[in-house]
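Observations on the model geometry
Spelled out from the first residue to the last, the chains are:
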Amino acid sequence: YNGLKDFDLKQICLSGQVFRWNECENGYLGVAEDKQVLAVQEDECLTLSSVQPVDSRFWENYFDLHTDYSEIKRFLSRDNKMQQAIKSAPGMRILRQNPYETIISFIVSANNNVKRISGIIERLAAKYGEKKQGLFGGYYAFPCAEALAEADENDLRACGLGYRTPYIKNTAVKLCNGFDMEIVKEMKYEDAKKYLLQLPGVGPKVAECILLYGYGFVDAFPIDVWIARLMRELYLNENSTCDEIEAYAAEHFGKYGGIAQQYLFYYGRIGRAE
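Within each chain, residue numbers correspond to sequence positions counted from 1 in written order. Since the coordinates come from a predicted model, pLDDT governs what is reported: local features require at least 70, and pairs of side-chain atoms require 80 or more to be given and counted, while whole-chain, interface and lining totals use all residues. Excluded from the side-chain calculations are hydrogens and water; all other atoms, namely the structure's heavy atoms, are used.

A closer look at the nonpolar core
Where we set the bar: Throughout, nonpolar core names a set of buried Ala, Val, Leu, Ile, Met, Phe, Trp, Tyr and Cys residues whose side chains join them through atoms within 4.5 Å. Each residue's exposure class comes from its accessible area (1.4 Å probe, protein chains only) as a fraction of the maximum for that residue type: buried when under 20%, exposed when over 50%, partly exposed otherwise. Helix numbers and strand numbers start at the N terminus; a helix is a DSSP run of H or I with at least 4 residues, a strand a run of E with at least 2.
By size, the foremost hydrophobic cluster in this structure holds 72 residues, and its most contacted members are L76, M82, F253, Y263 and L264. Looking at this core, the element that brings in the most residues is helix α11 (residues 204-215), giving eight residues. Counting residues in hydrophobic clusters, the runner-up holds 19 residues, among them W21, Y28, Y62 and L95.

This is the structure we're talking about:
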């Protein structure tokens, strides 16, 4: 892929929206669904290599290469704080991930850090996912809902899930028993959020992450500890509630709230430290 604008592989892989990408040699090795690629970026050129023929349509959609982020940046650059956040991660993009994979991953993410989440997901994949031949030996596809639904709770717990164990199992059972993940794409944001809240282990913040990263609802604004702290510091005050933060974000960032959140997350965690 040549001539990429507003795209930085490192910023995307360190953004907390995805957990199966690891830095290696001169690029990042990633697994999405059952596909593994080595992604290498040099300036505006992105090269993907894999043992299997690279499914270019899948990866173009995954990296959301057809969206014009320059227009989004213009829309969001209404105040100097957001301008600073965008400047810290000019190549940030919201990935278009598999909705099922996002549901399971973000249930795992609750009250957790990125390193632990990645470890748990890799252990789940190794135990319940299909083994594939990769560029550097074997790797494992993301485990299907049936495998997780049928799993023994003690075996799941041994992967490091802790109190999330029944949530993962019961959500997988629900997904196997007719919970329609496709219908969410057709819903309005508030309806989609309510619908996802029916899943065990999915609270408001996890639902917003699923909508943003799994369904492309770029107006979703997940509020974690970091975002809450940053919003209070930059835009509101130290006593602002999460409801007040959410209302402010909806008004101030509008239809691109989720992308604003991503710039802020990177700025708060990494950008200001650089």
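Considerations on the side chain of R93
Keep this limit in mind: Counted charges follow a simple rule, with Lys and Arg positive, Asp and Glu negative, and His plus the chain ends left uncounted. In what follows, salt bridge is the name for a side-chain nitrogen of Lys or Arg lying within 4 Å of a carboxyl oxygen of Asp or Glu. Here a polar contact means two N or O atoms within 3.5 Å. Within protein one must be a hydrogen donor candidate and the other an acceptor candidate, and residues neighboring in sequence count only if both atoms are side-chain atoms. Pairs of residues are marked as contacts when any of their non-hydrogen atoms sit within 4.5 Å.
By the element assignment, R93 lies in the loop between α4 (80-88) and α5 (99-109). Of the side chains bearing the opposite charge, D6 lies closest to the buried R93, which forms no salt bridge; the N-O distance is 4.9 Å. At 3.2 Å, the side chain of R93 and the backbone oxygen of T67 are in polar contact. Beyond its immediate sequence surroundings of up to four residues, R93 is in contact with K5, D6, F7, I12, Q17, F63, D64, L65, T67 and Y69.

Looking at the packing of aromatic side chains
To describe a pair of aromatic rings, one takes the distance between the centres and the angle between the planes. Defined as follows: Ring pairs are drawn from Phe, Tyr and Trp, using the six-membered ring of Trp, whenever the two centres fall within 6.5 Å, and their geometry is named by plane angle: stacked under 30 degrees, edge-to-face over 60, tilted for the rest. Two thresholds decide whether a charge sits over a ring: the Lys NZ or Arg CZ must be within 6 Å of the ring centre and within 35 degrees of the ring normal.
Overall, the coordinates contain 19 aromatic pairs when judged by the stated rule. Every member of this aromatic cluster is reached through a ring pair, and the members are F7, W21, F58, W59, Y62 and F63. The ring of F75 carries R78 above its face, with NZ or CZ at 4.1 Å from the centroid. Between K255 and the ring centre of F75, over which it is positioned, the NZ or CZ distance is 5.4 Å.

Some thoughts on the environment of I72
Among the structural elements, I72 can be located in helix α3 (residues 69-76). Residue class for I72 comes out buried when judged on its relative accessible area of 4%. Linking I72 and Y215, residues 143 residues apart in sequence, is a C-alpha distance of 18 Å. Those residues in contact with I72 that sit more than four places away from it in its chain are T67, Y256 and I259.

What about a nonpolar patch on the surface?
Put simply, the test is: Only residues whose relative accessible area exceeds 30% and that form no salt bridge enter a patch; like-charged residues are grouped when within 9 Å of one another, and nonpolar side chains (Val, Leu, Ile, Met, Phe, Trp, Tyr) when within 5 Å. Note on areas: Shrake-Rupley, 1.4 Å probe, and residue coverage restricted to the protein chains presented here.
Nonpolar side chains collect at one region of the surface, where V51, L135 and F136 lie side by side and expose about 260 Å² of accessible area between them. Inspection of the secondary structure puts V51 in the loop between β4 (45-49) and α2 (56-62). V51 sits in the partly exposed class, given a relative accessible area of 43%.

Things to note about the sheet that holds strand β2 (residues 27-32)
Applied cut-off: For two strands to count as paired, DSSP must find a minimum of two bridges between them. Inter-axis angles, ranging from 0 to 180 degrees, are taken between N-to-C directions of lines fitted to C-alpha atoms, where helices are fitted over the stretch in contact.
Read across the sheet, four strands follow the order β1-β2-β3-β4 without closing on themselves; strand pairing throughout is antiparallel. Both outer strands of the open sheet, β1 (21-24) and β4, are each paired with one neighbouring strand and no more. Each strand axis lies, on average, 25° off the axis of its neighbour in the sheet, ignoring direction. Alignment of strand β3 (residues 35-42) against β4, held across five bridges, turns out to be antiparallel. Note on β4: the bridge partner recorded for Q41 is L46.

Considerations on the packing of α5 against α11
For clarity, the threshold we go by: By definition, turning the near helix anticlockwise from the far helix through less than a right angle yields a left-handed crossing, and turning it clockwise yields a right-handed one.
Packing of α5 against α11 brings their axes to within 9 Å, and their N-to-C directions diverge by 150°. For the element pair α5 and α11, the recorded crossing hand is right-handed. Contacts from P99, T102, I103, F106 and I107 in α5 reach V206, C209, I210, Y213, G214 and Y215 in α11.

Details of the pattern of salt bridges
This structure, assessed with the given rule, holds 10 salt bridges. With a shortest N-O distance of 3.3 Å, E44 and K5 are connected by a salt bridge. Note that E44 is positioned in the loop between β3 and β4 and K5 in the segment before α1 (9-13), a separation of 39 residues in sequence. Because the salt bridges share partners, they merge into one network encompassing K193, E208 and E246.

Some thoughts on the packing of α5 against helix α9 (residues 165-176)
Put simply, the rule reads: For classification, angles of less than 35 degrees are called roughly parallel, those exceeding 145 degrees roughly antiparallel, those between 65 and 115 degrees roughly perpendicular, and all remaining angles oblique.
Two numbers describe how α5 lies on α9: the axes approach to 10 Å, and their chain directions differ by 160°. Here α9 runs roughly antiparallel to α5, going by the angle between their axes. Note on packing geometry: the crossing formed by α5 with α9 is right-handed. Here α5 contributes Y100, I103, I104, I107 and V108 to the contact with α9, which in turn contributes Y167, I168, T171 and L175.

Purely geometric stuff here, so don't read any function into it on its own.
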